[in-house]
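What follows is the residue order along each chain.
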Amino acid sequence: MTTDFNSFFKSAITVDNVIFGFDGQDLKVLLIKRGEIPYMDNWALAGHFVKPAEDLDKAAERILEELTGLKEVYLEQVHTFGQVQRHPMGRVITVAYYSLININNYEIRPQFIAQKATWHRVSDVINQALPFDHNQILIACMERLKLRVKRQPIGFELLPAKFTLTQLKQLYDSILLYDSTDPDRALDKRNFRKKILSMKILVDLEESQEGVAHRPAKLYQFEMERYNRLIQEGLHFDISYPNKPKNKTQDKY
């Protein structure tokens, strides 16, 4: 008995890129408005087909640039999705990649099959019906991001050079609690401050915010030598939730 090779060369491979960004308040994901069938005019992840003679990593970079104009973005492979009926036009296996970028450092230029490319809050998108299995892909990438947060410091790619502890906490809240249905749920502020400062990855700039209506908060920046060492060595980040909903009036650090 011999293998019928022709029957195995009738599948396609795609790449779907999940690009996360932070605007100082909300974690966002970059979506494109599709300009081809299937799911014409629907918002979806930035994905398309891998060419026959193309490596996966190169395909992910090419597709991201062709659809959004983004280039020189570090992409990490997350998972392969291969449900038989995931694509209405045939057998298509997709490989998911994700990345974290600072929204203010990149210009989005939709092109190719992307009619538009804009940032959407993860908390909004996670409960919407996206094309294909893009909800499943988004959740898988969010779970990978949550795992990364608990094992490595995070924020350098997403925060401005100078930031407050409130901004850093909002970033952690938006990642670790992305699937919470309670809008008032948040990480415990005191424990967060204690944990973050004990990691010794922050430098107190002895400066405060300017031009704000509330009491100016202290500004920090990352101590990059320690930050990079913890990325290599890893850490255990565990912050408890408060026993009651947080106060609507946000305390300033």
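We now turn to the structure provided with this report. What you see is a predicted model, and the numbers here were worked out from it, not measured in a lab.

Regarding its fold elements, the chain presents six helices and nine strands. If one aligns the C-alpha atoms of the chain with their principal axes, the spans along those axes are about 70 × 40 × 35 Å. The burial tally for the chain puts 45% of its 253 residues in the buried class. Across the chain, every contact between residues at least 6 apart in sequence was considered, and the portion connecting residues at least 24 apart equals 70%. With an accessible surface of roughly 14300 Å², the chain has 48% of that area assigned to carbon and sulfur atoms.

Along the polypeptide, Arg 62 turns up in helix α1 (residues 56-68). Leaving out residues up to four positions away in the same chain, Arg 62 has contacts with Phe 49, Val 50, Lys 51 and Glu 54.

Here we come to the layout of surface pockets. Take a probe with the size of a water molecule and roll it over the atoms, and the empty space left behind shows itself. By volume, the second largest pocket amounts to about 350 Å³. In this structure, the second largest pocket is lined by 17 residues; those nearest its centre are Tyr 74, Glu 76, Leu 100, Arg 148 and Glu 157. Split by residue class, the lining of the second largest pocket holds seven nonpolar, four polar and six charged.

Spacing of three or four residues puts side chains on the same side of an α-helix, whose turn is 3.6 residues. Given a rise of 1.5 Å per residue, 12 residues ought to cover 16 Å, and the 16 Å separating the end C-alpha atoms of helix α4 (residues 165-176) matches this to within 8%. Leu 165, Thr 166, Gln 167, Leu 168, Lys 169, Gln 170, Leu 171, Tyr 172, Asp 173, Ser 174, Ile 175 and Leu 176 are the residues of α4 that are buried. Contacts made by the buried residues of α4 are with β1 (12-22), β2 (27-34), α3 (134-151), α5 (189-198), β8 (202-208) and β9 (218-222).

This paragraph deals with the nonpolar core. Ranked by internal contacts, the top residues of the largest apolar core, which has 45 residues, are Phe 20, Leu 168 and Tyr 172. With 23 residues, the next largest nonpolar core counts Leu 30, Ile 32, Ala 60 and Val 95 among its residues.

Here the focus is the packing of aromatic side chains. Enumeration over the complete set of coordinates arrives at six aromatic pairs. Arranged with centres 4.8 Å apart and planes meeting at 75 degrees, the rings of Tyr 39 and Phe 132 form a pair that is edge-to-face. Placement of the pair is Tyr 39 in the loop between β2 and β3 (43-44) and Phe 132 in the loop between α2 (122-125) and α3, with a sequence separation of 93 residues. Assessed through its relative accessible area of 34%, Tyr 39 is described here as partly exposed. The exposure class assigned to Phe 132 is buried, which follows from its relative accessible area of 17%. Within the aromatic cluster, the residues linked to one another by ring pairs are Phe 156, Phe 163, Phe 222 and Tyr 227.

Glancing now at the packing of α3 against α4. Viewed as axis vectors pointing N to C, α3 and α4 meet at an angle of 135 degrees, and their least axial separation amounts to 9 Å. Between α3 and α4, the crossing angle belongs to the class labelled oblique. Where α3 abuts α4, its residues Met 142, Leu 145, Lys 146, Val 149 and Lys 150 lie against Tyr 172, Ser 174, Ile 175 and Leu 176. A breakdown of the residues in the contact of α3 with α4 according to their chemical character gives six nonpolar, one polar and two charged.

Parameters and conventions
Residues numbered from 1 in each chain as written. Predicted model: local features only at pLDDT ≥ 70, side-chain atom pairs only at ≥ 80, totals over all residues. Heavy atoms only, no water. Helix = DSSP H or I, 4+ residues; strand = E, 2+ residues; numbered from the N terminus. Buried < 20%, exposed > 50% of the residue type's maximum accessible area, 1.4 Å probe, protein only. Contact = heavy atoms within 4.5 Å. Areas by Shrake-Rupley, 256 points an atom, 1.4 Å probe, with all protein chains shown as cover. 1 Å grid on protein atoms, 1.4 Å probe; cavity = no way out; pocket = protein on both sides within 12 Å on 5 of 7 lines; lining within 4 Å. Points joined across faces, edges and corners; volume = space filled by probe spheres on them. Nonpolar A, V, L, I, M, F, W, Y, C, P; charged D, E, K, R; others polar. Expected span 1.5 Å × (residues − 1). Core = buried A, V, L, I, M, F, W, Y, C linked by side-chain atoms within 4.5 Å. Phe/Tyr/Trp six-rings, centres within 6.5 Å; stacked < 30°, edge-to-face > 60°. Axes fitted to C-alpha atoms, helices over the stretch in contact; angles between N-to-C directions. Parallel < 35°, antiparallel > 145°, perpendicular 65-115°, else oblique.

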